[in-house]
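Reading the structure
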Amino acid sequence: MAVEIVTVPDLGGAESVDVIELNLTPGDAVGLEDSLIVLESDKASMDVPSPFAGSLVKYLVADGATVKVGDAIAEIETGAAEQPAQEEAPVEETPVEEEEPQLNKEPQSNKELQPNKEPQPAEQAPAAKAPAVESEQLIVVPDIGSDDEVDLIEISIAIGDQVEEGDTLVVLESDKATMDVPSSHSGKVIKILAAEGDKLRTGSQVAILQVSNAEGEVTAFPVEAAPVAAAAKSPSVAPAAAPAPVKAPTAISAPAATEDGASADVYAGPSVRMLARELGVSLEKVSGTGPRGRIQKNDVDSFVKNALNNPASAATGSGIPEVPAVDFSQFGEIESIKLTKIQKLTGSNMQRNWLNVPHVTQFDDADITELEDFRKSLKAEGEKRGIRVTPVAFLIKAIAASLHANPEFNRSLAGDGEHVIQKHYINVGMAVDTPRGLMVPVIKDANEKGIWEISEDIMSLAGLARDGKLKPSDMQGGCFTLSSLGAIGGTGFTPIVNAPEVGILGVSKSQMKPVWNGSEFAPRLTLPLCLSYDHRVINGGDAGRFMTHLVKLLSDIRYLAL
Ligand code: CAO
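About the thresholds
Residues numbered from 1 in each chain as written. Predicted model: local features only at pLDDT ≥ 70, side-chain atom pairs only at ≥ 80, totals over all residues. Heavy atoms only, no water. Helix = DSSP H or I, 4+ residues; strand = E, 2+ residues; numbered from the N terminus. Buried < 20%, exposed > 50% of the residue type's maximum accessible area, 1.4 Å probe, protein only. Contact = heavy atoms within 4.5 Å. Areas by Shrake-Rupley, 256 points an atom, 1.4 Å probe, with all protein chains shown as cover. 1 Å grid on protein atoms, 1.4 Å probe; cavity = no way out; pocket = protein on both sides within 12 Å on 5 of 7 lines; lining within 4 Å. Points joined across faces, edges and corners; volume = space filled by probe spheres on them. Nonpolar A, V, L, I, M, F, W, Y, C, P; charged D, E, K, R; others polar. Pairing = 2+ DSSP bridges. Near = heavy atom within 4 Å. Polar contact = N/O pair within 3.5 Å; in protein donor to acceptor, adjacent residues only side chain to side chain. Core = buried A, V, L, I, M, F, W, Y, C linked by side-chain atoms within 4.5 Å. Axes fitted to C-alpha atoms, helices over the stretch in contact; angles between N-to-C directions. Parallel < 35°, antiparallel > 145°, perpendicular 65-115°, else oblique. Left-handed = near helix turned anticlockwise from the far one by under 90°. Phe/Tyr/Trp six-rings, centres within 6.5 Å; stacked < 30°, edge-to-face > 60°. Lys NZ or Arg CZ within 6 Å of the ring centre and 35° of its normal.

**Overview of the overall build of the protein**
Along its length, the protein carries 11 helices and 28 strands. Evaluated residue by residue, the protein yields a buried proportion of 48% over its 562 residues. At a minimum sequence separation of 6, the contacts of the protein that also span at least 24 residues come to 66%. When the accessible area of the protein is evaluated, it comes to approximately 27,400 Å², of which 53% is carbon and sulfur surface.

See the structure below:
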């Protein structure tokens, strides 16, 4: 028994292609040359035949993924102890749709997609488990919690390095976080299969290690499945002879633009791309309604209709004059500091939310004198448990209870503009101030957790955010956001709604204030609360009720137990 990994064969020049079909399900019998998956480039679709007979263990790519030459596709268990080396199986190409005139007009397109029939370098490793003491182990990106591609921003190893299981091999950066890719094995780095600036996803190849058989069930792997010519074109299969420098500075390249002006990352088939070209539509601006966000022809049609009906749509902010560029150096010494990816993304999200969402902010104070007494009384037990309880834990708990009592705040506008989506789960996002920028991890099912558990979540998520180690899944699924500047200061601010959520609570620093109790002024610890909401979904009455409920819970936390 051996498990073989099938990789994307030579695409004849196409740099990256979409996986549009997974033909089998794990456990299925696979015959030699059976089609495993269907790929689609800008110009044609292609079957990838299996170079092995056996049974499918699992796919290493998802339907809708973008792959390139050399990416791992699937694992196949070949019942035999000895298998022939993986050959470059010819790609069976079929034109995508008859309506695709480009294939007729441009016969060279077909040629581009012809499989490379050149014999492969003799360096291919035997595919069977090698009897030798040493064998080769492919390391791929583990599950990163989403199907999205992320940027490779740092290679932490060099050819010849000895790495231990768990050592960081490369660092990836998504829109929201950076992640270390740890080595799943100990061994010597003999090839690095990715380069800085590459876009990788779950299952993408990272490196090949030489490991000893003591490592366990290591299967020899055909290391030269990607032809050299294609490797030269695609940085993701950069030959090992050109190792990336260790700890090189972060370099994030913009996604490559295609001839239709759309990013190569856009998920759309050739006929849709052609339609977009004909209509002069940039596909990057079109939201896909197909499976996994695939852009379909009707999405392009709707985009055009919408653009015609709203020539200067306020919803997108178009028509707003740009802020003029100023040469500040004429006034004194200056320095240009590059924004981090997270800062850029936060900036564009803030602008999008500010322009799209009609904001109203409402203010109130909660009397947290007793809450603070209780919180301080937890200190000794907290030390024993290794948990620090701050007012933020009570705020999250009270927000969750207020969302439950006021479900309008747990809604989002549906994309069709005709519905609102009512969520029946309660996840609360928490803004965290980090050196790389603002991050918003999400405390899941906050309504079902107690103060200790919420405090643990706050500590771990804020720690991961500050270390740049949040996974995309840690930041997804929020229903409402808390932005606490309490430890920093201020008396109030107007937070921007984190759309498509419809509410956000800003919290400033608590202060002792004299409060009239009916007969005298008494010193009370008051916490300033600022609730911004999307006035399309929430009306003032809803907001008033939400805030009053929240204030009641914080001012008398016994209500939190009800
Ligand atoms: N008033 C007074 N003190 C407060 C307070 C408040 N509203 N909230 C917290 N504190 C105190 C705590 O009591 C604690 O002090 P003690 O240890 O003496 O009890 C201290 O501040 C803790 O601060 P912290 O920041 O370490 O922890 P936290 O749980 O209060 O907050 C977090 C966690 C992640 C919310 C916070 O660290 C943070 O990053 N806030 C910034 C959010 C932000 O940037 N918002 C703006 C987004 S829009 O640009």
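**Some points on empty space enclosed by the protein**
The tally for this structure, following the rule as stated, stands at 3 cavities of 30 Å³ or more. In this structure, the second largest cavity occupies an estimated 40 Å³ of space. Around the second largest cavity, the lining residues are L60, V61, V67, D71, A72, R201, T202, G203 and S204. For the lining of the second largest cavity, a count of residues per class yields 4 nonpolar, 3 polar and 2 charged.

**So, the sheet that holds strand β6 (residues 54-59)**
Strand pairing in a sheet is mediated by backbone hydrogen bonds. Such pairs are either parallel or antiparallel. Pairing within the open sheet is antiparallel, and its 4 strands lie in the order β1-β8-β6-β3. With one partner strand each, in any of the chains shown, β1 (2-7) and β3 (29-30) form the two edges of the open sheet. One ladder, built from 6 bridges, connects β1 with strand β8 (residues 72-78); its direction is antiparallel. Note that in β8 the partner of V3 across the bridge is E77.

**Looking at the environment of R388**
Looking at where R388 falls in the secondary structure, it is placed in the loop between α8 (379-385) and α9 (391-405). For the pair R388 and R375, spaced 13 residues apart in the sequence, the C-alpha separation amounts to 9.9 Å. Sequence-distant contacts of R388, that is, excluding residues within four places in its chain, are made with S455 and M459.

**Digging into the site of the ligand**
With respect to spatial proximity, 20 residues lie near the ligand, and among them R388, T390, R466, S483 and S510 are the closest. Interatomic distance of 2.7 Å between a side-chain N/O atom of R388 and an oxygen atom of the ligand. A distance of 3.0 Å is found between an oxygen atom of the ligand and a backbone nitrogen or oxygen belonging to D433. Breaking the shell around the ligand down by element, the ones donating at least two residues are α9, β22 (432-434) and β25 (480-484). Taken together, the residues that form the shell around the ligand break down as 9 nonpolar, 6 polar and 5 charged.

**Considering the nonpolar core**
Counting residues in each nonpolar core, the largest one holds 55 residues, and the members touching the most others are I396, F409, M430, L505, L529, L550 and L554. Looking at this core, the elements that each hand over two or more residues are α9, β21 (428-430), α10 (451-466), β25, β26 (503-507), β28 (521-534) and α11 (540-555). The leading source of residues in this core is α9, at 9 residues. Apart from the residues within four sequence positions on either side, L550 is in contact with A398, I399, S402, L505 and L529. In this structure, V8, A14, I37 and M46 belong to the second largest nonpolar core, which totals 23 residues.

**A short note on the packing of α9 against α11**
Viewed as axis vectors pointing N to C, α9 and α11 meet at an angle of 140°, and their least axial separation amounts to 9 Å. Taken together, the axes of α9 and α11 lie oblique to each other. Taken as a pair, α9 and α11 cross one another with a handedness that is right-handed. Here F394, L395, A398, I399, A401, S402, L403 and A405 of α9 come into contact with α11, specifically with F546, H549, L550, L553 and L554.

**What about the sheet that holds strand β16 (residues 199-200)?**
Taking strand neighbours across the sheet as the criterion, the 4 strands line up as β14-β13-β11-β16 in an open arrangement whose pairing is antiparallel. Two strands close off the open sheet at either side, each with one partner strand: β14 (178-182) and β16.

**Describing the packing of aromatic side chains**
We describe a pair of aromatic rings using the distance from one ring centre to the other and the angle between the two ring planes. Applying the stated criterion across every chain, the model contains 6 aromatic pairs. On the numbers, 6.2 Å between centres and 80° between planes, the contact of F374 with F394 is edge-to-face. Taken together, the residues F374 in helix α7 (residues 369-377) and F394 in helix α9 connect sequence positions 20 residues apart. Owing to a relative accessible area of 1%, F394 belongs among the buried residues under this scheme. Between the aromatic rings of W516 and F521, the centroid separation amounts to 4.9 Å while the plane-to-plane angle is 65°, which identifies the pairing as edge-to-face. A relative accessible area of 56% places F521 in the exposed class. Connected via pairs of aromatic rings, a cluster forms that spans F409, F480, Y533 and F546. The residue whose ring lies beneath K552 is Y559, and the NZ or CZ to ring-centre distance is 4.5 Å.

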